[in-house]
Structure formats: C-alpha cells, structure tokens
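Listed here are the chains, written in short residue letters.
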Protein chains: 2
Amino acid sequence: MTDKRYIKLAHGGGGQLTSELIEQVILPALAGPQKPGRLADSALLSANGPIAFTTDSYVVQPLEFPGGDIGKLAICGTVNDLAVCGATPSAISMSLVLEEGLQLDLLKRVLSSAGAAAGTSGVEVVTGDTKVVERGGVDGMVINTSGIGRIADECDLGFDRICQGDAILLSGPLGEHALAVMSQRESLSFTADLASDCAPIHELTGALVSELGKDVRFMRDPTRGGLAALLVDIAEATGRDIEIRQEAIPTNKTARAAAEMLGLDLLVAANEGKLVAVVANSAAERATQILERFDICDRPAAIGHVGTVSQTPLVEMVTLIEGRTVVQRPYGEELPRIC
Amino acid sequence: MTDKRYIKLAHGGGGQLTSELIEQVILPALAGPQKPGRLADSALLSANGPIAFTTDSYVVQPLEFPGGDIGKLAICGTVNDLAVCGATPSAISMSLVLEEGLQLDLLKRVLSSAGAAAGTSGVEVVTGDTKVVERGGVDGMVINTSGIGRIADECDLGFDRICQGDAILLSGPLGEHALAVMSQRESLSFTADLASDCAPIHELTGALVSELGKDVRFMRDPTRGGLAALLVDIAEATGRDIEIRQEAIPTNKTARAAAEMLGLDLLVAANEGKLVAVVANSAAERATQILERFDICDRPAAIGHVGTVSQTPLVEMVTLIEGRTVVQRPYGEELPRIC
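Just so you know, these numbers come straight off a predicted model, no measurement behind them.

Criteria and cut-off values
Residues numbered from 1 in each chain as written. Chains lettered and ligands numbered in written order. Predicted model: local features only at pLDDT ≥ 70, side-chain atom pairs only at ≥ 80, totals over all residues. Heavy atoms only, no water. Contact = heavy atoms within 4.5 Å. Buried area = accessible area lost by both parts, 1.4 Å probe. Salt bridge = Lys/Arg side-chain N within 4 Å of Asp/Glu carboxyl O. Helix = DSSP H or I, 4+ residues; strand = E, 2+ residues; numbered from the N terminus. Phe/Tyr/Trp six-rings, centres within 6.5 Å; stacked < 30°, edge-to-face > 60°. Buried < 20%, exposed > 50% of the residue type's maximum accessible area, 1.4 Å probe, protein only. Pairing = 2+ DSSP bridges. Right-handed = clockwise from strand over helix to strand, strands pointing away. Domains from an automatic or database assignment. Least-squares fit on C-alpha atoms with pLDDT ≥ 70 in both. Polar contact = N/O pair within 3.5 Å; in protein donor to acceptor, adjacent residues only side chain to side chain. Axes fitted to C-alpha atoms, helices over the stretch in contact; angles between N-to-C directions.

Visitor: Tell me about the interface of chain B and chain A, residues and numbers included.
Guide: In this complex, chain B contributes 74 residues to the contact, which on the side of chain A involves 74 residues. Of the roughly 5700 Å² buried between chain B and chain A, counting both surfaces, carbon and sulfur atoms make up 54%. The three residues of chain B that bury the most area against chain A are B:Asp41, B:Phe53 and B:Arg224, which together make up 14% of that side's buried surface. Taken together, chain B and chain A are joined by six salt bridges. Across the salt bridge formed by B:Asp56 and A:Lys131, the nearest N and O atoms sit 3.4 Å from each other. Elements that contribute at least two residues to the side of chain B that touches chain A include exactly α1 (16–30), β1 (43–58), α2 (70–83), β4 (87–99), β5 (124–133), β6 (141–151) and α6 (226–238) of chain B.

Visitor: Requested: an account of the packing of aromatic side chains, with residues and values cited.
Guide: Evaluation of the coordinates by the stated rule reveals three aromatic pairs over all chains. Aromatic pair A:Phe53 and B:Phe53: ring centres 6.3 Å apart, planes at 85 degrees, arrangement edge-to-face. Taken together, the positions of A:Phe53 in strand β1 (residues 43–58) and B:Phe53 in strand β1 put the pair across two chains. When sorted by exposure, A:Phe53 lands in the same class as B:Phe53, which is buried.

Visitor: Give a detailed account of the pairing of strand β5 (residues 124–133) of chain A, specifying residues and quantitative values.
Guide: Residue and element names in this part refer to chain A. Burial analysis of β5 places eight of its ten residues in the buried class, the great majority of the element. Where strand β4 (residues 87–99) lies against β5, nine bridges are found, and the strand directions are parallel. Considered in β5, the bridge of Glu99 is made with Val133. Handedness of the crossover joining β4 and β5 through helix α3 (residues 104–121): right-handed.

Visitor: Tell me about helix α4 (residues 176–186) of chain B, residues and numbers included.
Guide: Three or four residues apart is the spacing at which side chains of an α-helix point the same way, because the helix has 3.6 residues per turn. Residue and element names in this part refer to chain B. Of all eleven residues that make up α4, eight are buried, and the element is covered over most of its length. Here α4 has its buried residues at Glu176, His177, Ala178, Leu179, Ala180, Val181, Met182 and Ser183. Contacts from the buried residues of α4 go to β2 (64–65), α2 and α7 (253–262). In the stretch just after α4, Ser187 is the one whose phi turns positive, near 55 degrees.

Visitor: Report on the domain arrangement of chain A, specifying residues and quantitative values.
Guide: All names here are of chain A. Domains assigned within chain A are domain 1 (9–34 + 50–151) and domain 2 (159–327). For domain 1 and domain 2, the distance between their C-alpha centroids amounts to 27 Å. Facing 20 residues of domain 1, the contacting portion of domain 2 comprises 20 residues. Summing the contributions of domain 1 and of domain 2, the shared interface buries around 1600 Å²; its carbon and sulfur component is 65%.

Visitor: Pulling in residues and values, what's your account of the relation of the copies chain B and chain A?
Guide: Taken as rigid bodies, chain B and chain A are interconverted by a rotation of 180 degrees and an axial shift of 0.0 Å, the fit giving an RMSD of 0.0 Å. As the rotation angle and translation indicate, the two copies are arranged about a two-fold axis. Most of the interface of chain B is mirrored in chain A, where 100% of its interface residues again form contacts.

Visitor: Can you lay out the side chain of B:Arg220 for me, pointing to particular residues and giving the numbers?
Guide: By the secondary structure assignment, B:Arg220 is in strand β8 (residues 216–220). Side chain to side chain, B:Arg220 and B:Asp233 meet in a polar contact 2.8 Å long.

Visitor: Can you lay out the sheet that holds β5(A) for me, pointing to particular residues and giving the numbers?
Guide: A sheet is described by the order of its strands in space; here eight strands give the open sequence β5(A)-β4(A)-β6(A)-β1(A)-β1(B)-β6(B)-β4(B)-β5(B), paired in mixed fashion. Every other strand in the sheet has two partners, leaving β5 of chain A together with β5 of chain B as the edge strands with one partner each. Adjacent strand axes in the sheet meet at a mean angle of 20 degrees when their direction is disregarded. One ladder, built from eleven bridges, connects β4(A) with strand β6 (residues 141–151) of chain A; its direction is antiparallel. By the bridge assignment for β6(A), A:Met94 is matched with A:Thr145.

Visitor: Requested: an account of the pattern of salt bridges, with residues and values cited.
Guide: The tally for this structure, following the rule as stated, stands at 40 salt bridges over all chains. Across the pair A:Asp3 and A:Arg5 runs a salt bridge, and its minimum N-O distance is 2.7 Å. When its relative accessible area of 34% is taken as the criterion, A:Asp3 is described as partly exposed. Here A:Arg329 and A:Asp233 are joined by a salt bridge, their closest N and O atoms 2.5 Å apart. One end of the pair, A:Arg329, is in the segment after β13 (324–327); the other, A:Asp233, is in helix α6 (residues 226–238), with 96 residues separating them in the sequence. Salt bridges linked by common partners bring A:Asp56, A:Arg224, B:Asp129 and B:Lys131 together as one network.

Visitor: Tell me about the environment of B:Leu230, and name the residues and values.
Guide: All names here are of chain B. With respect to the helices and strands, the residue Leu230 is situated in helix α6. According to the relative accessible area criterion, Leu230 is buried, its value standing at 3%. Expressed as a C-alpha distance, the spacing of Leu230 and Pro313, which sit 83 residues apart in the sequence, is 14 Å. Those residues in contact with Leu230, other than ones at most four positions away along the chain, are Phe218, Arg220, Asp221, Pro222 and Val276.

Written out as structure tokens, the structure is:
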C-alpha cells in the first residue's frame, strides 16, 4: 500500500487515520493530560481573575534551524507573548496544517521539540487540531499556537504607565534568531557557532514583576520588526522621544558579521528569546541584576531612556562615534518566514 | 511602484506596512475594541469559573463558496466547538497566513464576513496575528481561530453521562456544507440552490442546556468525518451499541443528488451548522420542540437511541427497507480541504 513514512491526505479526513495520527504521534509527543478517544471539541479549564489570551501562526523556513525548529518556536513565541503581558502561561493550543508527503519522522521531531519546550515553560498543550493539504498547499507545515495565562495581582503594565526618565532594558544581543535562520537558508559557512536564541522568557518576566512590582512599566519581546519597531511603537504610543546608546547594546559578533554580509540591520532583526523591559530608572540597576541571574540573559543592560513628550516623538540612537541617528520602523522587511 | 490591490511579502514583516494592514483593513472589518497603535501581545480578559478553550485552522478551497467563505467558517467553527461543550463563546483570536499576491478585496470580503459572523455569535475578536508567505506558500490564505467561552453552572456534559435509552437528536439535514463546497469545486450546475449550512449553533446549545439542564448528556457538531465518525466516537467512548433509523434523518434533496453524483455518503460528509445532542429519552420531545424554534434547524428529529454495553460496540442503521447496516468511521476521506 502507501508508504507509512509520510503524511497522507487521509490523515486529515477526520476518520480512522486521523485518530491514529493523534493517538500514536501527536499526543505522545505533547504528553497532554487528556486520554485518546475522549478528546472533546474544547479543553476545559478553570480561571479566576484576569487572564491574557494570545495567538500566533508560524511559517518559518527551514522548519529546522540551528537552536530550534518550528515546534519549539511555536511554543516559545506564544509563551513569550503571554509572559510580556505579565501573565504566567498556563494552557496552549496547537493547530497543525500539514503538507501531504511530509516525513512522519520530521513531524515527530518537531512535536517532540514542542513538547519539551512546553515542559520547560510549565505549560500544557490542552487542545489542538490537525489538517492535511495536498502537495504544494503549504511548505511542509504551518503551526498555530494560542495561549492563556493568569495575570499576577501585583502586575500593572502598559504604554500608559511609561514615564519620563524610565530606563529601557535589553536582556541580550540582537538578531540571533533571524541570522541563524538566514544563515541556514543561505548556507553561510562561517556561522557554525550561531544558534537561534529561541527560548521561553517567562522566568525573566516573572522575576521582574514579582521583585520590582509596579516599577516595571512595560515589557515586550522584540520579534518581527526587531528592537526598532518595538521602540517606535513605544514612542508613538506614549508621544515621547526615546534615546538609546549603541555602545550599550550587547552584541553577538557572529550575528553582526552575518548581518553585515547579508546587508541586514540588527536593530530590525527578529529575536525569539529576548526581553525589552521599561522600568523606573531607580530600579534599573536592580532589574539588570535580576536578569543577570538567568542563563539566557547575556550581558543584559540598560540601553536607553524615555524622554519628554514631543509633537513628533522620535527614537534616536547615539552611535559609537557619538553621532545621532533616527531609528525607524522598517517599512516592510527583507526577511520573510523568519517566524 | 507595486500594485496596491494585492498583498505583498512586506505586509507581514512587522514594519510600517504591517501596521497599515492591521489598522486599515483588519481592525475595521473585525471591529474589535482595541485601538490601533495600542495592540499588546495578548488580549486581557477576565474569567471566573470554568472556561472552555479550543482551536481550529481552516484551509477550505475555494475560499468563497455558496453560503459562506473561509472567514465566516473560521468564526462559526470555533464558536460551535465552544458551544457543544456547553460554553458561551466570549473571545476569539484570529491568525492569518496570507499568500503574496492575494487580492486585497478578497481579504476584505473574508474579514468582513468573519466580523459579521462574530457579531451574530456575540463574540469579539480580541487578538490576532498576520503572516505573509511568498507565492505558492499557501493557497490564498489559511485562517486559525482559537476561542474561549464561559461554561454555564447547570451544564454537565460528557461521554460518561450518556445512558442506555438516551435519544440522539440531529438538528437538520446532513452534508450541505461539504456538498456546497464540492459542487463549487466541481462546477456542478444543478446545485444552484445548495448552500453551506455554515452558521453559529450557540443559541441551540444554550437553549437546550438552560431549559433541559442535566437531561442534556452530550453535544457535538458533525464536522469532518460527519455523523458517522461522531456516532462511532460515542459508541467507542461509552462502550455501548447505537441504533439510528435512516427514515428519521432529515434530507436535503439537492445535497443527496450531489452526493450520489459524486459518489459520496451523506453520513460521512462534513456539516458546519448542525448539532447532534444526546438527551434523556424523556426529554427528547421537548428538546426537538426547542430546536424547532430556530431558523437554522430544518426538521430536527430524534434519529436513534443509545443501546446496551457491548464487547464490540457498534453503530447500526435501520435502512429505509428495514435492513440493518453497520455505520463505520471513514478510514481517510475523499474530501480534502472542506474546512
């Protein structure tokens, strides 16, 4: 009959083969608590108080890259979107769109990697969905993860809490995710030691909020559009100028070399395991010390400050030679399918 | 420059064009409560007590079909997955994967249709995500919706509540969604009056639960795999035989004719606005009367009963000529991309 090493259209038909795929491949990898055969249309959870709810679809190519794969990325991305809102991630949904002919072994690796990332992040994959499309309908697979998290009582985050003089913290060097994926895609040879920073950052955000309370004003992870888009968002939302210092931004030499070779700007390159936090200036040193405790933080630093209200709020960077340059949100982006 | 009538890769880059697409096209259509420029990584909600959480990705082809489109389908499908768990749908996420070159007008129609379906269903689209892939990366678009709903106190549903003698109710004729989509795809001409049944069924489930309480044992909507897969799931999960009567199943003549022409079985064809409810036999007549109040219910009927516990639980159908046939879960399915 047909080769069992590959995904077939019939795996998505809602019949016997779909049940087998779910029970034999998907559930064991994700190690969810629900028993095969008893899967309902929704997962039942209990919630009390404020919750955060988020979603992201992942279309990264290649599906596996140094430091991660689409499964790990899909868990970390959604965990991080919850974490930066001050939420403790609790439940995640995973929806797969698979291409006919996809290697079953590749699917197993990706799901196992997703299951491991969920374990590290302390979340359960509680509900899911699987569709199969014909050859050419997608490139291997698309994964959507949505997530729910509980928001801590002591947490009060938002653009409206950002004040003049607040410090802007960055947890580590920029662009490792985008450049690892691009290096893989372009087969660059000198980037052997460059891996995606793909990681859950919920422990960082949790520690900042629990130890600094309302001195933490705002958090976000610089994914698509990079640090530049994030800072322009803050400037526009608060109506305030922002100044950052280039010398304060931690750098990964290989990522910088790869960016130069590919003609990319690290300020707009996507990250998947970095945190930008705006904190009261008086708490900046303590915040940096908190971040330094975590292995995934590499030379965390205060990289700039929030300025005064302005008619035309700008993000300016003081360069290494003490010049000034305006940081702009990228118009589009030359890097499709990074996440 | 480039033609503004089509989606470009840069619309997904997280930069200026992404912001414009979200603010000018996506948010106005979905009419969410959050203001452009203030979109956080997660939506903040409040929840007290048990909630249901579900997800589905939609890959239907063609994107527009008689009676609906991928946008309406994505909202109704997730609303219905919540509804059959006894939940009142409250918040939905929508994640778009768009193909470079997609007509902006088509995207606007689909989003407007999704917004209208959300309005009808009483849910808000509270969070979302947009990715763009190069030409050929997906067929036009893939939509994921995930949803959260509050579960009513009086609700107690599950396979384990199904008892011997319980009645199995069906809210209307089978296969209208699958056959409307297939007729469009195969350009059948005699099916002009056939439209997808795509609709939210939360009012049906809400009325049953609030008026019949614990006499409602189990609910599900017969989507992929159709009525057949749903009944086999019940038989397997409860270990009980099930008997349905063919004469009791309401029929849409055009759908039946199209199914015969295409060699399909209506019992395994997907529906997107039908409800199957298992209720105490003593409540079956009242349940049918409740369903009859709703416009989307066409000749709702008790179509069978739950039988005794069996070593090899079977679903049997008494045919129109009083024969007996075993109803089986389809192995795969000959109908890809129906939802």
